[in-house]
Structure formats: structure tokens, C-alpha cells
2 protein chains.
Amino acid sequence: MMSGSEPKLWIKIRLEQGEIGPGKIGLLRAIDHHRSISAAARSMNMSYRRAWLLLDEINKICGAPLAETFAGGHERGGARLTPLGSEIVRQFDEISKAAQTGAAEAMAGLHRLLER
Amino acid sequence: MMSGSEPKLWIKIRLEQGEIGPGKIGLLRAIDHHRSISAAARSMNMSYRRAWLLLDEINKICGAPLAETFAGGHERGGARLTPLGSEIVRQFDEISKAAQTGAAEAMAGLHRLLER
């Protein structure tokens with residue numbers, strides 16, 4: 001019926017205040033990597049404004065800042081994750097991995113169903 | 001930091017052709033329940049046109065019809081899931097349940113993290 005690659009699980013987490021999904025987590029990861037919100041935005045092909053709005057949204061969802069900017073010093077300022085931000089990324093990865101592992105057999109069943 | 005209900009896992013399945021998530025599966029479930037696409041659309045607060053487009057999309061994603069309309073008989077016509085449609089709903093539920101179970105511990109960890 002169809003061929004091609006296996007189905008993939010895509011997860012989001014719904015909290016009362018909003019959703020945390022791969023988009024917002026990807027932005028946090030990019031900020032951690034680039035140490036700059038503008039560089040993180042560019043790397044995700046996203047406007048600076050959009051990155052700020054997303055960050056503001058996830059901060060509100062979690063009730064505290066997940067990233068912060070800093071000024072001066074050797075690095076001439078930039079941005080970094082807060083300890084909570086790092087933990088949220090780590091926890092999201094753990095949830096994602098556990099969900100994938102848990103659903104692996106059922107996902108293979110879907111793949112077989114669609115390949116018939 | 002925040003209080004309230006526990007975070008919930010929200011899953012979608014990504015196939016090469018598109019995504020299957022709770023929205024499309026909900027529509028299939030409603031068609032199965034109401035035996036009518038228009039009644040299913042109403043029950044989901046969705047226009048008839050939107051329901052048809054969604055159905056067309058999921059049929060294309062799966063490469064075969066998941067619902068069909070029938071005419072005449074005692075029921076004066078209506079709609080029903082195809083055997084593949086029923087199996088897709090069942091398999092999605094199984095994947096969803098397995099993912100939730102697999103991720104339960106890590107989700108509790110996220111809850112604790114956000115409640116601190």
C-alpha cells in the first residue's frame with residue numbers, strides 16, 4: 001500500500017499553560033549551542049522576533065526563565081540556558097526516548113499495517 | 001513554580017506522506033460513532049468541508065480509504081470506517097497507550113521539576 005521509511009513518533013507535552021514540543025526544545029538547544037539568541041534563530045531559519053516570542057512563551061509555560069542574556073566579559077555578552085532550561089531540555093529528551101521505546105512494538109505494527 | 005494538573009503526552013505519528021494525530025483519529029472515531037460524516041463534523045465543531053478535507057488527507061497518507069459512504073437501506077445511507085480505518089484507529093490507540101506507559105516515569109520527573 002505504501003512503502004518507504006518507518007513511521008516516527010512525534011511528541012509534545014501539554015501543560016495547563018501551553019505545549020512544549022520539538023520546536024521550542026530545538027530553540028533552547030540552539031541557544032545552548034550558539035550562546036546567542038540571534039545565532040540560534042538564524043540556525044533555525046527563524047526571525048529574531050519569532051525566537052524571542054517562542055522563548056517568552058516557553059518561559060511563561062514553565063513559570064520561570066529557561067534562558068537568560070548576559071553582557072560583557074570575554075565573550076562580549078550573549079545568551080545561555082538557566083539551570084531550569086538545561087533540565088527541561090534533558091527531561092524532554094528523556095520523555096521522548098522513553099515514549100519511543102515504549103511504543104516501538106506498536107509502531108512496528110502500524111508500519112506493517114500500512115505496508116500490506 | 002507552577003501548580004495544577006499533571007503534564008500530558010500528546011503524540012502524533014509522522015509518516016513520509018504526512019502526520020496522523022489526535023485530530024484525524026478523533027474524526028475517524030466520530031464517523032464510526034455517528035455513521036455520518038456531517039454528524040461527525042458537527043460533533044467536532046468542524047465544517048463539513050473541513051471534515052472531508054481531513055478525511056481525504058488521511059486517506060492519502062495511508063494510501064487507501066479509511067472511511068466510505070454508503071447509500072440506501074434501512075439506515076438511509078451514511079458513512080462508516082473501512083476495515084483499514086478501524087485498524088488504524090486501534091493501532092493509534094495502542095501506540096498512544098504504549099508511549100504514555102513508557103514515558104510515565106519521565107513525565108512524573110518533569111512534573112516535579114515544574115512544581116519546585
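As the structure is a prediction and not an experimental result, all values here were calculated from the model.

Q: Describe the relation of the copies chain A and chain B, with residues and values.
A: Of the transformation placing chain A onto chain B, the axial shift is 0.0 Å and the rotation is 180°, giving an RMSD of 0.0 Å. Both copies of the chain, as the preceding transformation shows, are related through a two-fold rotation axis. Mapped onto chain B, 97% of the interface residues of chain A are again interface residues, and the two copies thus contact each other with one and the same surface.

Q: For the pairing of strand 1 (residues 8-15) of chain A, give the residues involved together with the corresponding values.
A: Side chains Leu9(A), Ile11(A), Ile13(A) and Leu15(A) of strand 1 of chain A all project onto a buried face; the interleaved residues Lys8(A), Trp10(A), Lys12(A) and Arg14(A) project onto a face where none is buried. Summarising the sheet, strand 1 of chain A and strand 1 (residues 8-15) of chain B pair through seven bridges and their orientation is antiparallel. Its bridge partner lying in strand 1 of chain B, Lys12(A) is registered against Trp10(B). With three bridges connecting them, strand 1 of chain A and strand 2 (residues 18-20) of chain A associate as antiparallel partners. Opposite Leu15(A), over in strand 2 of chain A, you have Gly18(A) as the bridge partner. Between strand 1 of chain A and strand 2 of chain A, which pair antiparallel one after the other, the connecting turn spans two residues.

Q: Go over the interface of chain A and chain B with me, naming the residues and quoting the values.
A: Facing the 39 residues of chain A at the interface are 38 residues of chain B. Taken over both partners, the interface formed by chain A and chain B buries close to 3,300 Å², and the fraction arising from carbon and sulfur atoms is 68%. Inspection of the chain A/chain B interface yields zero salt bridges. Run the count over chain A and chain B and you get six residue pairs in polar contact (both at pLDDT 80 or more).

Q: Could you give an account of the confidence of the model for chain A, naming the residues involved and the relevant values?
A: Confidence in the prediction of chain A, expressed as mean pLDDT, is 91, and 92% of residues score 70 or more. If you check the scores for this complex, the pTM reads 0.86 and the ipTM reads 0.86.

Q: Got a sec to walk through the packing of helix 1 (residues 22-34) of chain B against helix 3 (residues 48-62) of chain B? Specific residues and values, please.
A: All names here are of chain B. Taken N-terminus to C-terminus, the directions of helix 1 and helix 3 make an angle of 110°; their axes are 10 Å apart at the nearest point. Here helix 3 runs roughly perpendicular to helix 1, going by the angle between their axes. Across from Lys24, Leu27, Leu28 and Ile31 in helix 1, the residues of helix 3 making contact are Ala51, Leu54, Leu55, Glu57, Ile58 and Ile61. Across the contact of helix 1 with helix 3, the residue classes tally to eight nonpolar, no polar and two charged.

The rules behind the values
Residues numbered from 1 in each chain as written. Chains lettered and ligands numbered in written order. Predicted model: local features only at pLDDT ≥ 70, side-chain atom pairs only at ≥ 80, totals over all residues. Heavy atoms only, no water. Least-squares fit on C-alpha atoms with pLDDT ≥ 70 in both. Contact = heavy atoms within 4.5 Å. Buried < 20%, exposed > 50% of the residue type's maximum accessible area, 1.4 Å probe, protein only. Helix = DSSP H or I, 4+ residues; strand = E, 2+ residues; numbered from the N terminus. Pairing = 2+ DSSP bridges. Buried area = accessible area lost by both parts, 1.4 Å probe. Salt bridge = Lys/Arg side-chain N within 4 Å of Asp/Glu carboxyl O. Polar contact = N/O pair within 3.5 Å; in protein donor to acceptor, adjacent residues only side chain to side chain. pLDDT = per-residue confidence, 0-100. Axes fitted to C-alpha atoms, helices over the stretch in contact; angles between N-to-C directions. Parallel < 35°, antiparallel > 145°, perpendicular 65-115°, else oblique. Nonpolar A, V, L, I, M, F, W, Y, C, P; charged D, E, K, R; others polar.

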